[in-house]
Amino acid sequence: MKSEKIPQNLPRHIAFIMDGNGRWAKKRFLPRKAGHREGVKAMRKIVDACFSLDIPYVSLYAFSTENKNRSEEEVRSLFSLIEEYFTKFMGEMLEKGIRITVMGDVSYFPENLRNTISEAIEKSRECTHGTLNIALNYGARDEILRAVNAAVEAGQKVSAEEFARLLYTADIPDPDLIVRTGGESRLSNFMLYQSAYSEFFFSEVLWPDFNKKHLYEILNDYALRERRFGKVKS
Ligand code: IPE
Ligand code: IPE
Ligand code: MG
């Protein structure tokens, strides 16, 4: 079966814009929080599937700088789910040798959550099987402005390589493939600089329904794409 074919020519870095939790809940007359909770379950399975395929870098867009403008109740429920995710799955990640990195301005988060995040980053620093990069209070414009200001403060012009090192993704390669679920065809302020030559896949599936079969279909589609990077096929 096509979907079960083990994908070849895998991306080195896959990123997910995990969208559609709210609509998943709404369809079931459930509160948005229930959608986010189900979204965490999907996230865990998809992360597992990616690392089982030996994809070395996986990024997740979990909370954008603009998501802060949602209701206080929703923001609080997202904080508590993020905290729960880190607490529950950290051991599992460590056992698998997964390094956790976080991109975004976490200074905005409550202290207990900040501590949990720092602990996860610290404990997994030496892990080498894969990198799970989670975007928390992340916005690409914010990231770019920070990098520009850091360069200005240093008082020196920077090369493209030096600029890339000023981004949150300093030691992470650009995403080869960005997958957005939930039916919207936009980036919503995600990795604007890093996605210059990324492949995109927009899926109608709502994130809580997104499973390994969908992932394999997308990876099989990606494997057939021809990436030219501005050159002519030889
Ligand atoms: C994505 O799902 C999760 C976050 C943005 C935190 P949404 O909450 O945006 O779900 P929809 O788009 O309302 O369905
Ligand atoms: C993007 O989804 C952010 C995350 C998935 C964390 P949004 O639901 O916030 O994006 P918009 O508002 O539809 O562009
Ligand atoms: Mg959304």
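Residues numbered from 1 in each chain as written. Chains lettered and ligands numbered in written order. Predicted model: local features only at pLDDT ≥ 70, side-chain atom pairs only at ≥ 80, totals over all residues. Heavy atoms only, no water.

## Some thoughts on the overall build of the protein
Point 1. Along the backbone of the protein there are seven helices and six strands.
Point 2. Along its sequence from the N terminus, the protein presents helices and strands in the succession β-α-α-β-α-β-α-β-α-α-β-β-α.
Point 3. Computed over the C-alpha atoms, the radius of gyration of the protein is 18 Å, within 12% of the 17 Å expected from 2.2 N^0.38 for a compact globule of 234 residues.
Point 4. For the protein, the C-alpha atoms occupy an extent of roughly 55 × 50 × 35 Å along the three principal directions.
Point 5. For the protein, the proportion of its 234 residues judged to be buried stands at 47%.
Point 6. Counting only contacts in the protein whose residues sit at least 6 apart along the sequence, the fraction spanning at least 24 positions is 78%.
Point 7. Within the structure as shown, the protein displays about 12600 Å² of accessible surface, and the carbon and sulfur contribution to it stands at 51%.
Point 8. Distance between charge centroids for the protein: 4 Å, based on 35 positive and 33 negative side chains. (Helix = DSSP H or I, 4+ residues; strand = E, 2+ residues; numbered from the N terminus. Rg over C-alpha atoms; globule rule 2.2 N^0.38 Å. Buried < 20%, exposed > 50% of the residue type's maximum accessible area, 1.4 Å probe, protein only. Contact = heavy atoms within 4.5 Å. Areas by Shrake-Rupley, 256 points an atom, 1.4 Å probe, with all protein chains shown as cover. Lys, Arg positive; Asp, Glu negative; His and termini not counted. Charge placed at Lys NZ, Arg CZ, Asp CG, Glu CD.)

## As for the pattern of salt bridges
Point 1. Under the definition given, this model contains 24 salt bridges.
Point 2. Residue Glu 74 is joined to Arg 70 by a salt bridge in which the shortest nitrogen-to-oxygen separation is 2.9 Å.
Point 3. A salt bridge links Arg 227 to Glu 199, with the shortest nitrogen-to-oxygen separation between them at 3.7 Å. Here Arg 227 is found in the segment after helix H7 (212-223), whereas its partner Glu 199 is found in strand S6 (residues 199-202), with 28 residues between them in sequence. (Salt bridge = Lys/Arg side-chain N within 4 Å of Asp/Glu carboxyl O.)

## Details of the layout of surface pockets
Point 1. In this model, the largest pocket occupies a volume close to 620 Å³.
Point 2. Lining the largest pocket are 30 residues; nearest its centre among them are Met 18, Tyr 61, Ala 62, Asn 67 and Arg 70.
Point 3. Counting residues per element, the ones that place at least two in the lining of the largest pocket are helix H1 (21-27), helix H2 (32-52), strand S2 (57-64), helix H3 (72-95) and strand S4 (130-138). (1 Å grid on protein atoms, 1.4 Å probe; cavity = no way out; pocket = protein on both sides within 12 Å on 5 of 7 lines; lining within 4 Å. Points joined across faces, edges and corners; volume = space filled by probe spheres on them.)

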